Amino acid sequence: MLKKFSWIGLLAPIIISAQLPSKKASPVRAVDSLQLPVPAPAEAENTPVSSSQNDTEEASDEMYYPSLLQSARDPLITTAMYDWGAARFSWRGYIRERAEHRINGALIGFPITGQVPWYIMNGMSSQIRMSQSALGIAPVEYSLGNLAGSRMFDGTNSLSQQQTAISVGYADNRQTLRFNLAHSSGMPVKGWAWSTYFQYATNRATNAYPGMLTSFSGLIATEKKYRNSQRLYAMFCFAPQVISKQSPITRELFHINGNFRYNSNWGFQENQIRFAATRTYQFPALFITHEYSANQHTVRKWSLAAISGYQGDQGLDWYQVADPRPDYYRYMPSYSADSLLQQRVIDLFQQNPERLQINWQQLYATNLQSRDNGIAANLPAGLVNSGYRSRYIVEERRTHTRLFSLNYYYHTLVRKVVDFSAGASWQLAENRYRKKVVDLLGGDYYLNINGFADAQLQDNALANQYNIAEPNPTIYKGDYFGYDFGFRQTHTEFWCQWQQNSKRVDWFVAGRWGVDRLMRKGYVANGLFPLNSFGNSLPITTQAYLAKGGITRKLNGNHFLFAQAAFQSRGPLAAAIFIHPRYSAFTRNDITAEKTFHMEAGWVFRSPSMSSRLSLFSTQTNQAQEIQSFYNDAAATWVNHVVSGLGFLQRGVEWSGSVQWNVDWNVDWAACFYQLLYRGQPTGKLYADNTESLLSSEPLWINGYRLGGTPQQALHIGLRYQTSEGWMASVSINQLSNHWVSLHYLRRTSSVLASVDPASPLRQTWMEQEKLPDVLSIHALFGYSFRLTKFYKQKAPVIRIFLSARNFPTRYFIAGGYEQARWDVNADGQIRFPNKYFFSPGSYFTSSFQISF
Amino acid sequence: MSSRIFYCFLWMVCLQACRPQWDQPALSMPASLSANTTLREIHKLHFPGNVEKIVDDWVVVGVVVANDRTDNFYKTIVIQDATAGLSIRLDATALHLSYPEGMQVYLRLKGCWLGDYGGLLQLGAGVDRSDSIYPRLLPIPVPLFQQVLVPGLPNQWVKPREVNISQLSDSFQNCLLTIPEVELIPSDTGKAWADANNQAAVNHVIRSCNSGSMYVRTSGFAKFASAKTPRGNGKIIGIYTVFGWEKQLVMRDTSDVAMDGLRCTGSGYKTLLWEDFDLQKPAAVLSIAGWKNIAEMGGQSFYIKSAFNERYATIEAFACGQPRVASWLISAPVNLTGTSGARLSFDTRDVFDNGASLKVYVSTNYDGTNNPSKSKWTLLPASIANGTTGAVSAGWKNSGSISLSGYKGNCHIAFKYEGVDTGRNRQTTTFHIDRISIVAN
């Protein structure tokens, strides 16, 4: 029978080449955006850092927003996933490290960064599905979880059903075409079950949408059952992808360009769109799990995960030449003190929009005028006096990552009253950071020297050397250069949980203790800190623990009252311990565990046709620590802002529920009213990056400011119609509001405020935190599935067709924003470095077509 | 799974995965604009102290004569045509990579502004009127570069025009000039061109012997800021600028300076070393206080000979029977610090030349011992007499004026003789040396 459909393989490339609209097999997840942690200010003309954001199609690519993932149980989770994700809604404002994620039982969060590597399963959300989840600190059997909940993903769901499915999908917000193919052998009585999955997604950058995506996803899973009591299953997945990065923009740039899709990270080269900033993921991952069910109540599970690969961030690097970024602040009309000149520049940009993109031709031309100045140490004879020394290159900042995760858990039910779980996990994570030359842009070589350290050359002749063992080396395409350091961290944890159920009251207590051992590994000795950059640093050991408990009072079979509390202590991440790990093992001298106290209470209603949940919560965090790096104009150097004593208050009310009106109609709703604030008065110490000298230490006046990064109020009402004949339709209305830009702490210090005239209206603007516009969006989905029984008597293929309209009626909206780390005032009294915003496309359509048999 | 579907899928992936590599783009062709006015005419549009906007579609063409290659010019390039020069303020660095010296550049002037700084005409893109009394010309921002400056042909070098200080006038502003026969005033010689430590500009005074003086201004950021100013007289090339009543010259780099000649007010060269051996005992081994006469190999020393009322140093390997002869005559130390234009000269004569060699060296680290080979000696390009195979040479041959300008501190001059007096190919040439002198400013 499969041979009858082999012609599809021939037809598919035609479809892809023509990029005809097609249908997606499953509802398209909300488009989401990413934010890099460092906004990348620059020295006057010399800095290479690019500020960029990653924009992807799949929710599984939410590398920054762990947000709530798929679960049919609570409408709030589903809504946050599908309907609010585009606006960057983060459940209760919790950061990514607050949620625990496992795949096939293996803990997969990277201990070094706290990130969850969604990219390892990009495009495979139909194969690696969330099988279990917990909202908040509610107990689950497989894990202790965390404050933001716990999610278990299972990559072997597809093994149980014998099926082959081919689907093609298209989304016009990014003109992305996807093709995927899945096959499962089903579970045999004896032997191994297999499933394979491939997906290819791509788009072509056009003037209308200058974004680029090429991704390939592959998965192979296998399972074998032994005597009905044991399962051994393994999964290998690999999802390489290259995605263009989207740059955040200022209001000024948006008004000049008029295009919410404006992206400064590309330019025309030979009439083709070429991106300077892209992100690459190459992370093959292997999961092996053994599960033993001693009886119907007891399970033991061993899980092993091995992930190894790299993330590459491509961007421009330059040395002592003009900044190549078209949106550099000095190139903006507002930089000029002459209104006529401002208008002239505006006119230029509006009449010649390509001037707001990278001028690749100029980069090449500059390199071809640049000769060696005699400092290159190992220049080949053929290039002496004749070779071109590149001033601009395309580099790739690589983070090589290895994660090894070994997990064990035990679960048993005792007389159906006591539910006991215990487990342990051990993780070994290693990251290595360095840069690679991708393109010399016409030059013959590049010099591996640190342009940011030139100011120290007067006192230290080796200051600008990344590697003092090889001063002034020439480097070529494919060579690694620049900083070369890494982290190695082991994480060990033990946990157990006791749940007890009775007629009227259920209760649970649980606890986890963990220890982390972290060290920095330097692979080169640099000229700035030769004694503190090479080799392993002293290991830093921190402990973490979580204690939680809760009680549920069952009023009757429908109404439940619950109350839960948790206390957590955890050490800071590597990024909050090492002040500037690129250069040295310098650490903060006040490493402190962050303390969090959480309380929650609520009411749950359950009936066959209706469910509802109302909860109030309060989470207070103290003694959190952060380190931010940016260029400081006052000090005229790069600095590291070491912040201690941060406090957050996250509290609010949530209400969600669904009503099954009749067999076909369902209504669901979700409402969140949060108050997410900074609390207390942290202290910020400013250190110069090149000398580690303390520049200032002062309190940060941020008490009462809002946490940025997520709307703090979200409303949803949805209506769904689904028949047994295969028709389905849904529509939802969503409103997200109370979204604030992310703060830059240093603005709220006495020394900075002293530089602003107290009588100036600028002072008020300076202190205020900007609120982003509200977002109203309407989503609609139509689908139909049917069997081709007319043509096939046995096992007729199933056809599924979906059409969706998303984010109507808005054309675009602002999904997030932040205050820039630099501050200065233009001649006309305006802030020179205004806030930057991430724009998200508004209304768009998707379609998908799937055939399975 | 059907293998056909699988292979088709792989084929699709390969097809779509093939992405073109980025080849070097074709570089822009030189502009085909044509000028419709000259820089001299543009000069006439400006009134000192004012700022003027150019509203007409004027296009001029010039050649870049200065840029920020050595950081002595900051965010500025200077162009020049046959009639005048113009300083163009550009809000960027590393301009020398986009507008190298010798590049022809077309300027589309419409919308640009003329102004002056201290009387020096400049071109910019706008005016900052925050100070109403002193409006400030704003540089051309990067986005407007392509609109205003259009590159033309490269390597269109401008020959500096030779002008005396007394001839300088505003018509030479922003022009590449050669100021001949000038020297730094004594207090400005041997000094750093600028204050690199504090990154402060310095003005040095240059003067001609009889036609006035002017400043040479150097930025503290210049790459050659720490180089020392010359002591002699000569020419200097640079861009003529003004600041108020001050006439200034701004160099592009130290190769623009050639000033090691005789100074205007000096009494001529000082003689640092003179030896004509007339006070030496003839027919005796040469022995002069402070000098070294070393028979390194072969046992042959320099000795004094006398003929026709003159005495001179002589060396030969004849009749010594040695397989190798190496002899050194090393002068007393001569301190060249604080001098300029130091020169060595001497006379030589050869007799019975059969291939032995006499070479002249200089060393700044000779330790005065009898082991001269331990020190570093640099061969000097001296003309040495040779070719006289008989007993009588044509006469004394002068070595030529050998420059010692690059040497500082205590220097020794060495005459090294090498010969052979065994075997079939003997090299036993006799050399005479006389009138050794070192002079300097």
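Calculation criteria
Residues numbered from 1 in each chain as written. Chains lettered and ligands numbered in written order. Predicted model: local features only at pLDDT ≥ 70, side-chain atom pairs only at ≥ 80, totals over all residues. Heavy atoms only, no water. Helix = DSSP H or I, 4+ residues; strand = E, 2+ residues; numbered from the N terminus. Rg over C-alpha atoms; globule rule 2.2 N^0.38 Å. Contact = heavy atoms within 4.5 Å. Areas by Shrake-Rupley, 256 points an atom, 1.4 Å probe, with all protein chains shown as cover. Lys, Arg positive; Asp, Glu negative; His and termini not counted. Charge placed at Lys NZ, Arg CZ, Asp CG, Glu CD. Buried < 20%, exposed > 50% of the residue type's maximum accessible area, 1.4 Å probe, protein only. Pairing = 2+ DSSP bridges. Domains from an automatic or database assignment. pLDDT = per-residue confidence, 0-100. Salt bridge = Lys/Arg side-chain N within 4 Å of Asp/Glu carboxyl O. Core = buried A, V, L, I, M, F, W, Y, C linked by side-chain atoms within 4.5 Å. Phe/Tyr/Trp six-rings, centres within 6.5 Å; stacked < 30°, edge-to-face > 60°. Expected span 1.5 Å × (residues − 1). Arc of directions from axis to C-beta. Polar contact = N/O pair within 3.5 Å; in protein donor to acceptor, adjacent residues only side chain to side chain. Patch = residues over 30% accessible without salt bridge, like charges linked within 9 Å, V, L, I, M, F, W, Y side chains within 5 Å.

**Q** Mind showing me how you'd approach the overall build of chain B here?
**A** A tally of helices and strands in chain B yields four helices and 30 strands. Taken against the 2.2 N^0.38 rule, which gives 22 Å for 441 residues, the C-alpha radius of gyration of chain B at 33 Å runs more than 25% over that of a compact globule. In terms of its C-alpha atoms, chain B occupies a principal-axis envelope of roughly 90 × 90 × 40 Å. For chain B, contacts bridging at least 24 residues in sequence account for 71% of all contacts bridging at least 6. Accessible area of chain B: about 20400 Å², with a carbon and sulfur share of 52%. Looking at charge distribution, chain B has the averaged site of its 41 positive side-chain charges lying 4 Å from that of its 36 negative ones.

**Q** Before we go on, may I ask you to explain the overall build of chain A in this structure?
**A** The number of helices and strands found in chain A is seven helices and 40 strands. A total of 853 residues make up chain A; the buried ones form 61% of that total. A fraction of 72% describes how many contacts in chain A between residues 6 or more apart in sequence connect residues 24 or more apart. Split by element, the accessible area of chain A, about 32500 Å² in all, is 56% carbon and sulfur.

**Q** What should I look at first to understand the sheet that holds strand S1 (residues 52–53) of chain B in this one?
**A** Within a sheet, neighbouring strands are paired by backbone hydrogen bonds and run either parallel or antiparallel to one another. Strand order in the open sheet formed by eight strands is S1-S6-S7-S4-S3-S2-S5-S10 (chain B), and the pairing between neighbours is mixed. Looking at the sheet topology across the chains shown, the edges are occupied by S1 and strand S10 (149–151) of chain B.

**Q** I tried to follow the environment of B:Leu329 on my own but got confused; where do I start?
**A** All names here are of chain B. Note on placement: Leu329 falls in strand S22 (residues 325–330). For the pair Leu329 and Ala342, spaced 13 residues apart in the sequence, the C-alpha separation amounts to 20 Å. Excluding residues within four positions of it along the chain, Leu329 makes contact with Phe277, Leu286, Trp291, Lys292, Asn293, Phe302, Ala313, Ile413, Ala414 and Phe415.

**Q** Looking at this structure, I do not really get the sheet that holds strand S4 (residues 106–107) of chain A. What am I missing?
**A** Residue and element names in this part refer to chain A. Overall, mixed pairing links the four strands, which are arranged S4-S3-S6-S5 in an open sheet. One side of each edge strand has no neighbouring strand; the edge strands of this open sheet are S4 and strand S5 (129–134). Sheet analysis places strand S3 (residues 100–103) next to strand S6 (residues 150–154), joined by four bridges and oriented parallel. Paired with Glu100 across the two strands is Ser150, which belongs to S6.

**Q** Would you explain the domain arrangement of chain B in this entry?
**A** Accessible area lost upon the coming together of the parts serves often as the stated size of an interface. Taken domain by domain, chain B consists of domain 1 (39–151), domain 2 (161–261) and domain 3 (271–440). Spacing between the C-alpha centres of domain 2 of chain B and domain 3 of chain B amounts to 41 Å.

**Q** Would you mind going over the confidence of the model for chain A with me for this structure?
**A** Should pLDDT be low for a region, the predicted coordinates there are not to be read in detail. In this model, chain A carries a mean pLDDT of 85, and residues with pLDDT of at least 70 account for 89%. Scored below 50 in pLDDT, residues 1–72 of chain A shows 263 contacts in the model against residues more than four places distant or in partner chains.

**Q** Teacher, can you tell me more about the side chain of A:Thr250 here?
**A** Mapped onto the elements of the fold, A:Thr250 is located in the loop between strand S12 (241–246) and helix H3 (251–257). Residues in contact with A:Thr250, not counting those within four places in the same chain, are A:Gln820, A:Pro834, A:Asn835, A:Lys836 and A:Tyr837.

**Q** Could you clarify how one ought to interpret unusual backbone geometry in this entry?
**A** The bulk of non-glycine residues show a negative phi, and the bulk of peptide bonds are trans. In this chain, A:Phe808 is followed by A:Pro809 through a cis amide linkage whose omega measures -5 degrees. With respect to the element layout, A:Pro809 can be found in the loop between strand S37 (798–808) and strand S38 (812–818). The phi dihedral of B:Asn155 falls on the positive side, at around 55 degrees, and the residue is not glycine. Along the chain, B:Asn155 turns up in the loop between S10 and strand S11 (161–162). On the accessibility criterion, B:Asn155 (52% relative accessible area) is exposed.

**Q** Where do I start with the pattern of salt bridges in this structure?
**A** Opposite charge on two side chains permits pairing when their charged atoms draw close. Evaluated as defined, the whole model comprises 47 salt bridges over all chains. When the shortest N-O distance is used, the salt bridge between A:Glu100 and A:Arg512 registers 3.3 Å. Placement of A:Glu100 in strand S3 and of A:Arg512 in strand S23 (residues 505–522) is noted, with a sequence separation of 412 residues between them. Note on A:Glu100: relative accessible area 6%, which makes it buried. Across the pair B:Glu183 and B:Arg263 runs a salt bridge, and its minimum N-O distance is 3.5 Å. Of the two residues, B:Glu183 is situated in strand S12 (residues 176–184) and B:Arg263 in the loop between strand S17 (257–261) and strand S18 (270–275); the sequence distance between them amounts to 80 residues. One salt-bridge network, held together by shared partners, links B:Arg69, B:Glu101, B:Arg252, B:Asp253 and B:Asp256.

**Q** Honestly, the nonpolar core in this entry has me stumped. Any pointers?
**A** Across soluble globular proteins, nonpolar side chains show a tendency to be buried alongside one another. B:Ile88, B:Tyr99 and B:Leu107 are the most contacted members of the largest nonpolar core, which has 65 residues in total. Within the second largest apolar cluster, 44 residues are counted, among which are A:Ile120, A:Phe283, A:Tyr483 and A:Phe487.

**Q** Please clarify how the packing of aromatic side chains should be interpreted in this entry.
**A** All names here are of chain A. According to the stated counting rule, one finds 50 aromatic pairs over all chains in the structure shown. Here the aromatic rings of Phe487 and Phe578 are separated by 5.3 Å at their centres, their planes lie at 45 degrees, and the arrangement is tilted. Remark: Phe578 occurs in the loop between strand S26 (559–570) and strand S27 (594–606) and Phe487 occurs in strand S22 (residues 480–501); sequence separation between them is 91 residues. With respect to burial, Phe487 and Phe578 carry one shared label: buried.

**Q** Help me out: how do you make sense of the pairing of strand S24 (residues 343–351) of chain B in this one?
**A** Looking down a regular strand, the side chains alternate between one sheet face and the other. All names here are of chain B. For S24, the tally of buried residues reaches eight of nine residues, placing the bulk of the element in the interior. In the sheet, S24 pairs with strand S28 (residues 402–403) via two bridges, with the strands oriented antiparallel. Looking at the pairing, Leu344 lines up with Ile402 of S28. Here S24 pairs with strand S30 (residues 430–440) via eight bridges, running antiparallel. Note that in S30 the partner of Thr348 across the bridge is Ile433. Relative to strand S27 (residues 397–398), S24 runs antiparallel, the two sharing two bridges. Of the residues in S27, the one forming a bridge with Thr348 is Lys397.

**Q** I'm lost on helix H2 (residues 75–82) of chain A in this one. Help?
**A** Each full turn of the α-helix corresponds to 3.6 residues, which orients residues three or four apart in the same direction. All names here are of chain A. Within H2, seven of the eight residues are buried, leaving the element largely enclosed by the surrounding structure. Taken together, the buried positions of H2 are occupied by Pro75, Leu76, Ile77, Thr79, Ala80, Met81 and Tyr82. At its buried positions, H2 is contacted by S5, strand S29 (637–660), strand S30 (665–679), strand S33 (711–722), strand S34 (727–740) and S37.

**Q** Looking at this structure, how should I read helix H4 (residues 339–351) of chain A?
**A** Its 13 residues give H4(A) an end-to-end C-alpha distance of 18 Å, which sits within 8% of 18 Å, the value for a rise of 1.5 Å per residue. Here H4(A) has its buried residues at A:Leu341, A:Gln342, A:Arg344, A:Val345, A:Leu348 and A:Phe349. Projection of H4(A) onto a plane perpendicular to its axis shows the buried side chains occupying an angular sector of 160 degrees, all on one side. Facing away from the buried side of H4(A), by more than 90 degrees, are the exposed residues A:Ser339 and A:Gln351. For H4(A), the elements touching its buried residues are H3 of chain A together with strand S8 (126–128), strand S9 (136–138) and helix H4 (145–148) of chain B.

**Q** Hey, could you run me through the pairing of S30(B) in this one?
**A** Residue and element names in this part refer to chain B. Burial analysis of S30 places nine of its 11 residues in the buried class, which makes it a mostly covered element. In this sheet, S30 lies alongside S18 in antiparallel orientation, the contact comprising five bridges. In the sheet register, Thr271 faces S30, and the bridge partner there is Val439.

**Q** Which parts of the structure should I look at to understand the side chain of B:His46?
**A** Residue and element names in this part refer to chain B. Position of His46 relative to the elements: it lies in the loop between helix H2 (39–43) and S1. For His46, a relative accessible area of 11% puts it in the buried group. Here Glu52 takes part through its side chain, which lies 2.6 Å from a polar atom of the side chain of His46. Once residues within four sequence positions are removed from consideration, His46 is found in contact with Glu52, Leu114, Gly115, Asp116 and Leu121.

**Q** Explain a nonpolar patch on the surface here, please?
**A** The grouping of A:Trp661, A:Trp665, A:Ile717, A:Leu719, A:Val731, A:Ile733, A:Leu776 and A:Ile778 at the surface amounts to a nonpolar patch, some 730 Å² of accessible area in total. Positionally, A:Ile778 belongs in strand S36 (residues 775–787).

**Q** Honestly, the confidence of the model for chain B in this entry has me stumped. Any pointers?
**A** Residue and element names in this part refer to chain B. Mean pLDDT over chain B works out to 89, with 93% of the residues at or above the 70 mark. Overall, residues 1–5 carries pLDDT values under 50, and its contacts beyond four positions in sequence, including any with other chains, amount to 15 contacts. In the predicted structure, residues 15–20 sits below a pLDDT of 50 and forms 11 contacts with residues beyond four places in sequence or in another chain.

**Q** Please explain the environment of A:Tyr388 as it appears in this structure.
**A** Residues and elements named next belong to chain A. Of note, Tyr388 is situated in the loop between helix H5 (360–367) and strand S18 (392–414). In this structure the C-alpha to C-alpha distance between Tyr388 and Thr156, which are 232 residues apart in sequence, comes to 55 Å. Aside from chain neighbours lying at most four places away, what touches Tyr388 is Asn367, Leu368, Gln369, Ser370, Arg371, Gly443, Asp444 and Tyr445. Within the local environment of Tyr388, its side chain forms a polar contact with the side chain of Arg371, the two groups lying 3.5 Å apart.

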